[in-house]
Amino acid sequence: MLTFRRVSLVVFCILAVLFCFSDSEKKRKLDAIEARIKESKTLSESLINEYARVGDEQNRVLQQEIQRLDKERKLLELRLQEVRKLSDASSTVAEQLDFLVPYRVDQKFPAFIWQTWKNDLNDAKLNPEIRSYIQSWDTVNANFVHEVLNDRNAEKLVKHLYKNIPKVVQAYQAMPTPILKADFFRYLILFARGGVYTDADTEALKPVPNWFPNWLNADDAGLVVGVEADPDRPDWAQWYARRLQFCQWTIQAKPGHPVLRSIVANITETTLDRKARGELGLAPGSEEGADIMNWTGPGIWTDMLFEYFNSVAAEPVTYETFSKRETGTFVGDVLVLPITSFSPGVGHMGSKSVSDPMAFVQHHFSGSWKPEAERM
Ligand SMILES: *[C@@H]1O[C@H](CO)[C@@H](O)[C@H](O)[C@H]1NC(C)=O
Ligand SMILES: *[C@@H]1O[C@H](CO)[C@@H](O)[C@H](O)[C@H]1NC(C)=O
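- In the nomenclature of an unreviewed UniProt entry, the protein chain corresponds to Alpha-1,6-mannosyltransferase from the organism Starmerella bacillaris.
- Check the Sequence similarities (unreviewed entry) section of the UniProt entry for the protein chain; it says "Belongs to the glycosyltransferase 32 family."
- A UniProt comment under Subcellular location (unreviewed entry) is attached to the protein chain, and it reads "Golgi apparatus membrane".

Quick notes on helix 8 (residues 258–276)
- For helix 8, with 19 residues, the first-to-last C-alpha span of 27 Å sits near the 27 Å given by 1.5 Å per residue.
- Every buried residue of helix 8 is listed here: P258, V259, L260, R261, S262, I263, V264, A265, I267, T268 and T271.
- Looking at the buried residues of helix 8, the elements they touch are helix 3 (93–100), helix 6 (166–174), helix 7 (178–193), strand 5 (223–229), strand 7 (250–253) and helix 10 (298–312).
- Directly beyond the C-terminal end of helix 8, a positive phi value near 70° is found at G278.

Some points on the site of ligand 2
- In the vicinity of ligand 2, the residues found are A283, E287, A290, D291, N294 and G299.
- Grouping the constituent residues of the shell around ligand 2 by class yields two nonpolar, two polar and two charged.

Digging into the site of ligand 1
- Around ligand 1 lies a shell formed by N266, E269, T270, D303 and E307.
- Those elements that place two or more of their residues in the shell around ligand 1 are helix 8 and helix 10.
- When residues in the shell around ligand 1 are grouped by element, the largest group, three residues, is from helix 8.
- Taken together, the residues that form the shell around ligand 1 break down as no nonpolar, two polar and three charged.

Thoughts on the nonpolar core
- With 76 residues, the main nonpolar core has L188, F191, I263 and V264 as its most contacted residues.
- Looking at this core element by element, the count peaks at 11 residues for helix 7.
- The contacts of L188, once residues within four sequence positions are left out, are V158, L161, Y162 and V264.

What about the pairing of strand 9 (residues 334–337)?
- Both faces of strand 9 are covered, namely the face carrying V334 and V336 and the face carrying L335 and L337.
- As paired elements, strand 5 and strand 9 share four bridges and run parallel to each other. The partner of V225 across the bridge, within strand 9, is V336.
- When strand 8 (residues 329–331) meets strand 9, the two strands line up antiparallel, connected through three bridges. Paired with T329 across the strands is V336, a residue of strand 9.
- Counting the residues between successive antiparallel strands, the hairpin from strand 8 to strand 9 contains two residues, one of them, G332, with a positive phi of roughly 65°.

A word on helix 7
- For helix 7, spanning 16 residues, the distance from its first C-alpha to its last is 22 Å, which sits close to the expected 22 Å at 1.5 Å a residue.
- Of all 16 residues that make up helix 7, 14 are buried, and the element is covered over most of its length.
- Once helix 7 finishes, G194 follows within two positions and takes phi at roughly 75°, a positive value.

Side note on the pairing of strand 5
- Within strand 5, seven of the seven residues are buried, leaving the element largely enclosed by the surrounding structure.
- Pairing of strand 5 with strand 7 involves two bridges; the strand directions are antiparallel. From the neighbouring strand, L223 faces strand 7, where its bridge partner is A253.
- Bridging between strand 5 and strand 6 (residues 245–246) involves two bridges; their strand directions are antiparallel. When the bridges of strand 6 are listed, A229 appears paired with Q245.

Points about the packing of helix 9 (residues 288–295) against helix 10
- In the contact formed by helix 9 and helix 10, the axes pass within 4 Å of each other and the chain directions differ by 35°. Seen from helix 9, the contacting residues are M293, N294 and W295; seen from helix 10, they are P298, G299 and I300.
- When its residues are assigned to classes, the contact of helix 9 with helix 10 shows four nonpolar, two polar and no charged.

Here's the deal with the confidence of the model for the protein chain
- Averaged over every residue, the pLDDT of the protein chain is 88; the share at 70 or more is 90%.
- A low-confidence stretch, residues 9–19 (pLDDT under 50), is modelled with three contacts involving residues beyond four sequence positions or located in other chains.
- Long-range and interchain partners of residues 368–376, a stretch whose pLDDT sits below 50, account for 14 contacts in this model, where long-range means more than four residues apart.

What to know about unusual backbone geometry
- At K324, a residue that is not glycine, the phi angle is positive and equals roughly 60°.
- Residue position: K324 is located in the loop between helix 10 and strand 8.
- Within the chain, M349 stands out as a residue other than glycine whose phi angle is a positive 55°.
- Within the element layout of this structure, M349 appears in the loop between helix 11 (339–342) and strand 10 (361–363).
- The class for M349 is buried, based on 20 C-beta atoms found within 10 Å.

Conventions used here
- Throughout, a residue's number is its position along its own chain's written sequence, starting from 1.
- Lettering of chains starts at A and numbering of ligands starts at 1, both following the order in which they are written.
- With the structure being a predicted model, the display of local features is reserved for residues of pLDDT at least 70 and the display and counting of side-chain atom pairs for 80 or more, all residues being used for whole-chain, interface and lining totals.
- UniProt positions are given in the numbering used here, feature names are shortened, and annotations may be inferred rather than shown by experiment.
- Secondary structure is summarised from DSSP: a helix means a run of H or I of at least four residues, a strand means a run of E of at least two, and numbering begins at the N terminus for each.
- Multiplying one less than the number of residues by 1.5 Å gives the expected span of a helix.
- Counting other C-beta atoms within 10 Å of a residue's C-beta gives its exposure: the residue is buried at 20 or more, exposed at 12 or fewer, and partly exposed in between, where C-beta atoms are placed from the backbone.
- Here contacts are defined at the residue level, using C-beta atoms placed from the backbone and a cut-off of 7 Å between them.
- In this entry, near means the residue's backbone-placed C-beta atom lies within 6 Å of the molecule or strand.
- Side-chain classes are defined by residue name, with Ala, Val, Leu, Ile, Met, Phe, Trp, Tyr, Cys and Pro counting as nonpolar, Asp, Glu, Lys and Arg as charged, and the others, Gly among them, as polar.
- Note on terminology: a nonpolar core is a set of buried residues of type Ala, Val, Leu, Ile, Met, Phe, Trp, Tyr or Cys, with members joined through C-beta atoms within 7 Å.
- Note on pairing: DSSP must find at least two bridges between two strands before they are called paired.
- All axes are obtained by fitting lines to C-alpha atoms, using only the stretch in contact for helices, and the reported angles, taken between N-to-C directions, cover 0 to 180 degrees.
- pLDDT expresses how confident the predictor is about each individual residue, on a scale running from 0 to 100.

Written out as structure tokens, the structure is:
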């Protein structure tokens, strides 16, 4: 008998198949467009080579052909952007992210340095110390592209980079305080573009390429992080969110890295969930710092890293894997630098001086936007 329930079930199944179909169809179209773009590039290149060899009359014809191909390629690239989108109904945020920026470990670390600051750099109110820290990144890494974005431009960039994943943009815009947005932004920019993100109150001590130990090939790694805190004392929980905590004031990544994918998906879902429940406000009083730590800060960053380590390593990975190390540790495709690298000169937890050969970045903790627990 054709009951209402059966009809709904059948309709539901058909819809589900249609949605699956439409995504695999999209993937197929995407491959075809990519192949066409590649073909068109090869053809343009061969025409340009030929152009150098033949006479004037033929040149005009060839030039027209090259222009036509360029135009066609621009249109195809626009199409490609539209197709590079999976629907909310048939895919998770993590799947949509994976589709937007596929990860390849064998690409180079992009030579970008990303920073954010509340206002513009030419703002007279910009603290001279912060200005000199920002400049240190140019001095030490002269051939990197260095972008310092103000809050307005950071939001514009997020909208542009994630226009095909509306949930990510909605989550960013729903965040109730600049601290959360500043945290979220670093993962978003590194996932989409890669390179180095570093807080405005960090000073570059050594060139970025020198962060790599000579026993490790940069083609095998996709993410570089540093230990922030390793408090070997029974009351550690009064001071830090995790027994061993990774810093997120400086991170280097290749675009699409799976840890960044996990944290962007986690933060997006947590935020939209809190929004739906009307609980976007931060926990009150002494819980506020921990709330930020777990939502966007070093707490959730550390959790996502340990989850990843344990999904790729044969042996269990715990805080002891990284505790009290003086050199880098390599797990999966992640280089974990010792506490001295991004947190030198703090005078405890095994951190050595800023002149140590392993000291790469100094954090001056001058950010008034940081929660109390992060400022100590
Ligand atoms: C985010 O990650 C944390 C830590 O692993 C987990 O407890 C939480 O359930 C995750 N949230 C979402 C929405 O995935
Ligand atoms: C933060 O996360 C830790 C570890 O999962 C948990 O013990 C703590 O209760 C959380 N605190 C808040 C305020 O969410």
